[in-house]
Amino acid sequence: MRQGRPTRRLGGMLAAALLTLSSGVLAQPGTDPDQEERFDCRSLAEREPPETALGWLERSLWANHCYEFQARAVRIGGDGVRSLALSHDVVEGVEREVARFLDGPAVVFERRGRIGRLSWAEGDAPAPASPAGIAEHLEGLYRLQLSGEERLANRNTTRLDIEPLDGMRYGHRFWLDSATGLPLKHILLDEQGRVVETFQITELRQPQLHQGEISLDRRRARPQDPWHPAWLPAGFIPQPVETRSARHDDDIGHRVYSDGLATLSLFVEPVEGPDQLIPGMHRLGVSHAAVRHRELGGRTRQVVVMGELPPGVLLRVADSVEWQEGDEGGMP
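It is not clear to me how helix H4 (residues 311-320) should be interpreted in this structure. Could you clarify?
Because each turn of an α-helix spans 3.6 residues, side chains separated by three or four positions in sequence point in the same direction. Listing the buried residues of H4 in full gives Val313, Leu314, Val317, Ala318 and Ser320. Buried residues of H4 fall within an arc of 165° about the axis and therefore sit on the same side.

Is there a simple way to think about the pattern of salt bridges in this case?
Note that side chains of opposite charge can pair when their charged atoms are close. Applying the stated criterion to the full structure yields 20 salt bridges. Among the ionic pairs, Arg47 bridges to Glu58, the shortest N-O distance being 3.7 Å. Linking Arg47 in the loop between strand S1 (38-40) and helix H2 (53-66) with Glu58 in helix H2, this pair joins segments that are 11 residues apart in sequence. Looking at Glu58, the relative accessible area reads 23%, which means it is partly exposed. For Arg75, the salt bridge goes to Glu197, with nearest N and O atoms at 3.1 Å. Of the two residues, Arg75 is situated in strand S2 (residues 67-77) and Glu197 in strand S10 (residues 195-209); the sequence distance between them amounts to 122 residues. No difference in accessibility class separates Arg75 from Glu197, as the two residues are buried. A single salt-bridge network, built from bridges that share partners, covers Asp166, Arg169 and Asp259.

Thresholds applied
- Residues numbered from 1 in each chain as written.
- Predicted model: local features only at pLDDT ≥ 70, side-chain atom pairs only at ≥ 80, totals over all residues.
- Heavy atoms only, no water.
- Buried < 20%, exposed > 50% of the residue type's maximum accessible area, 1.4 Å probe, protein only.
- Helix = DSSP H or I, 4+ residues; strand = E, 2+ residues; numbered from the N terminus.
- Arc of directions from axis to C-beta.
- Salt bridge = Lys/Arg side-chain N within 4 Å of Asp/Glu carboxyl O.

By themselves, these figures tell us nothing about what the structure is for.
Next up, the structure:
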(Lines give C-alpha, C1' and ligand atoms only; values in the text may rest on other atoms or scores of the structure.)
Protein backbone atom coordinates (compact mmCIF):
# COMPACT_ATOMS: atom_id res chain seq x y z
CA MET A 1 0.00 0.00 0.00
CA ARG A 2 1.53 3.34 -0.97
CA GLN A 3 2.09 5.82 1.85
CA GLY A 4 0.32 8.69 0.11
CA ARG A 5 -2.33 11.14 1.25
CA PRO A 6 -5.27 8.67 1.30
CA THR A 7 -3.25 6.15 3.32
CA ARG A 8 -2.39 8.73 5.96
CA ARG A 9 -6.02 9.86 6.05
CA LEU A 10 -7.29 6.32 6.67
CA GLY A 11 -4.66 5.77 9.33
CA GLY A 12 -5.79 8.94 11.09
CA MET A 13 -9.45 7.90 11.01
CA LEU A 14 -8.51 4.46 12.34
CA ALA A 15 -6.60 6.04 15.22
CA ALA A 16 -9.54 8.28 16.08
CA ALA A 17 -11.91 5.30 16.10
CA LEU A 18 -9.75 3.51 18.66
CA LEU A 19 -10.18 6.36 21.16
CA THR A 20 -13.93 6.48 21.47
CA LEU A 21 -17.17 4.58 21.69
CA SER A 22 -19.82 7.26 21.26
CA SER A 23 -22.87 7.30 23.49
CA GLY A 24 -25.40 9.83 24.77
CA VAL A 25 -28.95 10.20 26.00
CA LEU A 26 -32.30 10.05 24.24
CA ALA A 27 -33.35 13.36 22.71
CA GLN A 28 -36.96 14.07 23.63
CA PRO A 29 -39.40 14.75 20.76
CA GLY A 30 -39.96 18.44 20.22
CA THR A 31 -36.64 19.48 21.75
CA ASP A 32 -35.20 22.63 20.21
CA PRO A 33 -32.29 21.37 18.04
CA ASP A 34 -30.19 24.35 19.13
CA GLN A 35 -30.83 23.82 22.84
CA GLU A 36 -27.88 22.09 24.49
CA GLU A 37 -28.66 18.94 26.44
CA ARG A 38 -26.48 17.63 29.24
CA PHE A 39 -26.00 14.48 31.32
CA ASP A 40 -25.25 14.83 35.04
CA CYS A 41 -22.49 12.36 35.91
CA ARG A 42 -23.28 12.66 39.62
CA SER A 43 -26.45 10.63 39.04
CA LEU A 44 -24.31 7.52 38.50
CA ALA A 45 -23.38 7.50 42.20
CA GLU A 46 -27.08 7.02 43.06
CA ARG A 47 -27.61 3.96 40.85
CA GLU A 48 -27.75 0.44 42.27
CA PRO A 49 -25.03 -2.01 41.15
CA PRO A 50 -26.13 -3.79 37.95
CA GLU A 51 -27.41 -7.35 38.16
CA THR A 52 -27.53 -8.23 34.45
CA ALA A 53 -25.04 -8.35 31.58
CA LEU A 54 -26.96 -5.58 29.82
CA GLY A 55 -26.83 -3.47 32.96
CA TRP A 56 -23.06 -3.89 33.22
CA LEU A 57 -22.62 -2.86 29.59
CA GLU A 58 -24.68 0.29 30.15
CA ARG A 59 -22.75 1.10 33.31
CA SER A 60 -19.45 0.70 31.46
CA LEU A 61 -20.54 3.01 28.63
CA TRP A 62 -21.49 5.73 31.10
CA ALA A 63 -18.24 5.20 33.04
CA ASN A 64 -16.23 5.82 29.87
CA HIS A 65 -17.71 9.33 29.77
CA CYS A 66 -18.01 10.27 33.43
CA TYR A 67 -14.86 9.07 35.19
CA GLU A 68 -11.69 11.15 35.16
CA PHE A 69 -8.50 9.10 35.45
CA GLN A 70 -4.94 8.43 34.39
CA ALA A 71 -3.75 4.94 33.52
CA ARG A 72 -1.02 2.77 32.07
CA ALA A 73 -1.96 0.03 29.60
CA VAL A 74 -0.59 -2.52 27.13
CA ARG A 75 -1.98 -3.43 23.72
CA ILE A 76 -1.10 -6.75 22.09
CA GLY A 77 -1.97 -7.10 18.42
CA GLY A 78 -0.63 -7.98 15.01
CA ASP A 79 2.01 -5.25 15.30
CA GLY A 80 3.37 -6.62 18.58
CA VAL A 81 3.18 -5.29 22.14
CA ARG A 82 2.79 -1.56 22.77
CA SER A 83 2.55 0.26 26.09
CA LEU A 84 0.43 3.39 26.50
CA ALA A 85 -0.31 6.22 28.88
CA LEU A 86 -4.01 7.14 28.98
CA SER A 87 -5.93 10.02 30.48
CA HIS A 88 -9.54 11.20 30.49
CA ASP A 89 -11.00 14.36 31.96
CA VAL A 90 -13.92 16.76 31.53
CA VAL A 91 -13.46 20.52 31.21
CA GLU A 92 -16.52 22.81 31.02
CA GLY A 93 -18.75 19.97 29.85
CA VAL A 94 -16.37 18.74 27.13
CA GLU A 95 -14.48 15.45 27.34
CA ARG A 96 -10.80 15.12 26.57
CA GLU A 97 -9.13 11.74 25.93
CA VAL A 98 -5.41 11.31 25.32
CA ALA A 99 -3.51 8.12 24.43
CA ARG A 100 0.27 8.29 24.26
CA PHE A 101 2.36 5.34 23.03
CA LEU A 102 5.38 4.86 25.30
CA ASP A 103 7.46 2.64 23.02
CA GLY A 104 8.02 2.35 19.29
CA PRO A 105 7.18 5.40 17.13
CA ALA A 106 6.20 8.43 19.22
CA VAL A 107 2.46 8.74 18.59
CA VAL A 108 -0.13 10.72 20.54
CA PHE A 109 -3.87 10.60 19.88
CA GLU A 110 -6.18 13.20 21.39
CA ARG A 111 -9.94 13.61 21.14
CA ARG A 112 -12.12 16.39 22.49
CA GLY A 113 -15.87 16.28 22.18
CA ARG A 114 -19.32 15.86 23.60
CA ILE A 115 -21.39 12.75 24.12
CA GLY A 116 -22.46 11.68 20.65
CA ARG A 117 -25.75 10.35 19.35
CA LEU A 118 -26.49 7.01 17.75
CA SER A 119 -28.18 8.32 14.60
CA TRP A 120 -28.97 11.37 12.51
CA ALA A 121 -31.99 13.43 13.56
CA GLU A 122 -35.14 12.76 11.52
CA GLY A 123 -37.73 15.47 12.19
CA ASP A 124 -38.98 15.30 15.78
CA ALA A 125 -38.07 11.63 16.20
CA PRO A 126 -35.62 10.79 19.01
CA ALA A 127 -31.93 10.66 18.09
CA PRO A 128 -30.80 7.98 20.57
CA ALA A 129 -27.21 7.55 21.60
CA SER A 130 -27.33 6.86 25.30
CA PRO A 131 -25.73 3.75 26.80
CA ALA A 132 -29.29 2.55 27.33
CA GLY A 133 -30.04 3.22 23.65
CA ILE A 134 -26.90 1.41 22.49
CA ALA A 135 -27.56 -1.54 24.78
CA GLU A 136 -31.13 -1.82 23.49
CA HIS A 137 -29.91 -1.59 19.89
CA LEU A 138 -27.62 -4.61 20.41
CA GLU A 139 -30.57 -6.94 21.06
CA GLY A 140 -30.74 -9.56 18.32
CA LEU A 141 -27.17 -8.83 17.20
CA TYR A 142 -25.15 -10.11 20.18
CA ARG A 143 -25.54 -12.48 23.13
CA LEU A 144 -24.40 -10.93 26.42
CA GLN A 145 -23.53 -12.90 29.54
CA LEU A 146 -21.63 -12.45 32.80
CA SER A 147 -18.77 -14.91 33.34
CA GLY A 148 -17.61 -14.46 36.92
CA GLU A 149 -15.22 -12.18 38.75
CA GLU A 150 -11.43 -11.78 38.54
CA ARG A 151 -8.73 -9.48 39.89
CA LEU A 152 -6.81 -7.25 37.44
CA ALA A 153 -4.52 -4.26 38.03
CA ASN A 154 -5.05 -4.82 41.77
CA ARG A 155 -8.80 -4.24 41.37
CA ASN A 156 -11.86 -6.48 41.39
CA THR A 157 -13.54 -6.95 38.02
CA THR A 158 -16.65 -8.51 36.51
CA ARG A 159 -16.22 -10.30 33.17
CA LEU A 160 -18.72 -9.55 30.40
CA ASP A 161 -18.76 -11.76 27.28
CA ILE A 162 -20.40 -10.39 24.12
CA GLU A 163 -20.89 -12.97 21.37
CA PRO A 164 -22.18 -12.05 17.87
CA LEU A 165 -25.23 -13.97 16.67
CA ASP A 166 -23.97 -14.03 13.08
CA GLY A 167 -20.64 -14.07 11.22
CA MET A 168 -20.84 -10.38 10.32
CA ARG A 169 -18.99 -8.94 13.32
CA TYR A 170 -16.39 -9.73 15.97
CA GLY A 171 -16.89 -10.87 19.57
CA HIS A 172 -15.74 -9.14 22.74
CA ARG A 173 -14.70 -9.98 26.27
CA PHE A 174 -14.59 -7.17 28.81
CA TRP A 175 -13.28 -7.16 32.36
CA LEU A 176 -15.11 -4.26 34.03
CA ASP A 177 -13.92 -2.58 37.21
CA SER A 178 -16.44 -3.54 39.89
CA ALA A 179 -16.24 -0.14 41.59
CA THR A 180 -16.56 2.13 38.54
CA GLY A 181 -17.55 0.02 35.52
CA LEU A 182 -14.45 1.15 33.59
CA PRO A 183 -13.11 -1.55 31.24
CA LEU A 184 -9.75 -2.77 32.57
CA LYS A 185 -9.25 -5.45 29.91
CA HIS A 186 -10.71 -6.07 26.46
CA ILE A 187 -10.18 -9.01 24.12
CA LEU A 188 -11.38 -8.82 20.50
CA LEU A 189 -12.26 -12.15 18.85
CA ASP A 190 -12.64 -12.73 15.10
CA GLU A 191 -15.41 -14.74 13.44
CA GLN A 192 -13.53 -17.99 14.20
CA GLY A 193 -13.15 -17.08 17.86
CA ARG A 194 -9.43 -16.32 17.57
CA VAL A 195 -7.93 -13.50 19.61
CA VAL A 196 -7.25 -10.51 17.35
CA GLU A 197 -6.21 -7.97 19.98
CA THR A 198 -5.81 -7.73 23.74
CA PHE A 199 -5.93 -4.40 25.55
CA GLN A 200 -5.31 -4.28 29.30
CA ILE A 201 -4.91 -1.50 31.84
CA THR A 202 -2.04 -2.36 34.15
CA GLU A 203 -2.42 0.62 36.50
CA LEU A 204 -5.54 2.70 37.10
CA ARG A 205 -4.82 5.80 39.17
CA GLN A 206 -7.65 6.85 41.50
CA PRO A 207 -10.57 7.26 39.09
CA GLN A 208 -12.90 10.05 40.19
CA LEU A 209 -16.51 10.54 39.13
CA HIS A 210 -16.85 13.92 37.40
CA GLN A 211 -18.83 16.18 39.71
CA GLY A 212 -20.78 17.95 37.03
CA GLU A 213 -22.44 17.63 33.64
CA ILE A 214 -21.25 16.63 30.17
CA SER A 215 -22.74 18.22 27.08
CA LEU A 216 -24.48 16.15 24.43
CA ASP A 217 -23.85 16.69 20.76
CA ARG A 218 -26.56 18.65 18.99
CA ARG A 219 -29.10 16.87 16.81
CA ARG A 220 -27.68 16.71 13.30
CA ALA A 221 -29.72 16.43 10.09
CA ARG A 222 -28.71 13.69 7.67
CA PRO A 223 -26.52 15.03 4.82
CA GLN A 224 -27.45 14.37 1.20
CA ASP A 225 -24.78 12.26 -0.50
CA PRO A 226 -25.03 11.18 -4.16
CA TRP A 227 -23.78 7.71 -3.14
CA HIS A 228 -24.80 5.17 -0.52
CA PRO A 229 -24.09 1.53 0.40
CA ALA A 230 -26.93 -0.67 -0.84
CA TRP A 231 -25.96 -3.33 1.73
CA LEU A 232 -24.82 -3.17 5.35
CA PRO A 233 -24.70 -5.89 8.02
CA ALA A 234 -27.86 -6.09 10.12
CA GLY A 235 -27.99 -3.40 12.79
CA PHE A 236 -25.48 -1.02 11.19
CA ILE A 237 -26.86 2.51 10.97
CA PRO A 238 -25.34 5.82 9.76
CA GLN A 239 -23.55 7.77 12.48
CA PRO A 240 -24.05 11.54 12.89
CA VAL A 241 -20.34 12.34 12.57
CA GLU A 242 -18.96 15.36 10.74
CA THR A 243 -16.45 13.83 8.35
CA ARG A 244 -15.91 16.37 5.56
CA SER A 245 -12.49 17.96 5.25
CA ALA A 246 -12.19 21.74 5.46
CA ARG A 247 -10.00 21.68 2.35
CA HIS A 248 -11.99 22.75 -0.71
CA ASP A 249 -9.76 20.72 -3.04
CA ASP A 250 -10.37 17.53 -1.12
CA ASP A 251 -13.02 15.65 -3.10
CA ILE A 252 -13.39 12.81 -0.60
CA GLY A 253 -16.72 11.63 0.77
CA HIS A 254 -16.64 9.83 4.14
CA ARG A 255 -19.39 8.27 6.24
CA VAL A 256 -19.37 6.15 9.40
CA TYR A 257 -21.74 3.26 10.24
CA SER A 258 -22.07 1.31 13.50
CA ASP A 259 -24.14 -1.29 15.28
CA GLY A 260 -23.23 0.21 18.68
CA LEU A 261 -20.08 -1.88 19.16
CA ALA A 262 -18.56 -2.44 15.71
CA THR A 263 -17.84 0.48 13.39
CA LEU A 264 -16.94 0.78 9.72
CA SER A 265 -15.81 3.81 7.74
CA LEU A 266 -16.67 4.27 4.06
CA PHE A 267 -14.65 6.60 1.80
CA VAL A 268 -15.46 7.54 -1.81
CA GLU A 269 -13.15 9.71 -3.95
CA PRO A 270 -12.21 10.13 -7.64
CA VAL A 271 -9.34 7.98 -8.90
CA GLU A 272 -6.74 10.54 -9.94
CA GLY A 273 -3.11 11.36 -9.16
CA PRO A 274 -0.35 9.03 -7.94
CA ASP A 275 -1.55 8.51 -4.37
CA GLN A 276 -4.15 5.82 -4.96
CA LEU A 277 -4.49 2.57 -3.05
CA ILE A 278 -4.06 -0.79 -4.73
CA PRO A 279 -7.47 -2.51 -5.11
CA GLY A 280 -7.94 -5.50 -2.84
CA MET A 281 -7.72 -6.18 0.91
CA HIS A 282 -5.19 -4.40 3.14
CA ARG A 283 -4.34 -5.00 6.80
CA LEU A 284 -4.21 -2.00 9.15
CA GLY A 285 -3.23 -3.36 12.56
CA VAL A 286 -6.29 -5.24 13.82
CA SER A 287 -8.44 -3.62 11.13
CA HIS A 288 -8.82 -4.36 7.44
CA ALA A 289 -9.42 -2.01 4.53
CA ALA A 290 -11.24 -3.17 1.39
CA VAL A 291 -10.35 -1.10 -1.69
CA ARG A 292 -12.31 -1.08 -4.95
CA HIS A 293 -12.14 1.12 -8.07
CA ARG A 294 -15.72 1.56 -9.27
CA GLU A 295 -17.50 3.41 -12.06
CA LEU A 296 -19.77 5.75 -10.08
CA GLY A 297 -21.34 9.04 -11.10
CA GLY A 298 -19.83 9.00 -14.58
CA ARG A 299 -16.21 8.53 -13.48
CA THR A 300 -13.89 6.03 -11.82
CA ARG A 301 -13.88 6.36 -8.06
CA GLN A 302 -11.96 4.70 -5.27
CA VAL A 303 -14.16 3.08 -2.63
CA VAL A 304 -12.50 2.19 0.68
CA VAL A 305 -14.29 0.40 3.53
CA MET A 306 -12.34 -0.12 6.75
CA GLY A 307 -13.04 -1.44 10.23
CA GLU A 308 -12.55 -4.22 12.75
CA LEU A 309 -14.85 -6.58 10.86
CA PRO A 310 -14.48 -9.77 8.79
CA PRO A 311 -12.80 -8.93 5.45
CA GLY A 312 -15.67 -10.46 3.46
CA VAL A 313 -18.11 -8.04 5.09
CA LEU A 314 -15.98 -5.02 4.15
CA LEU A 315 -15.67 -6.21 0.54
CA ARG A 316 -19.42 -6.75 0.26
CA VAL A 317 -20.12 -3.22 1.51
CA ALA A 318 -17.60 -1.77 -0.97
CA ASP A 319 -19.14 -3.70 -3.86
CA SER A 320 -22.65 -2.54 -2.92
CA VAL A 321 -22.02 1.22 -3.15
CA GLU A 322 -24.43 2.85 -5.59
CA TRP A 323 -24.65 6.30 -7.16
CA GLN A 324 -28.04 7.95 -7.35
CA GLU A 325 -29.38 8.22 -10.88
CA GLY A 326 -29.29 11.70 -12.39
CA ASP A 327 -26.45 12.87 -10.14
CA GLU A 328 -23.38 12.97 -12.37
CA GLY A 329 -21.44 15.65 -10.54
CA GLY A 330 -18.69 15.43 -7.96
CA MET A 331 -19.11 15.04 -4.24
CA PRO A 332 -21.49 17.64 -2.74
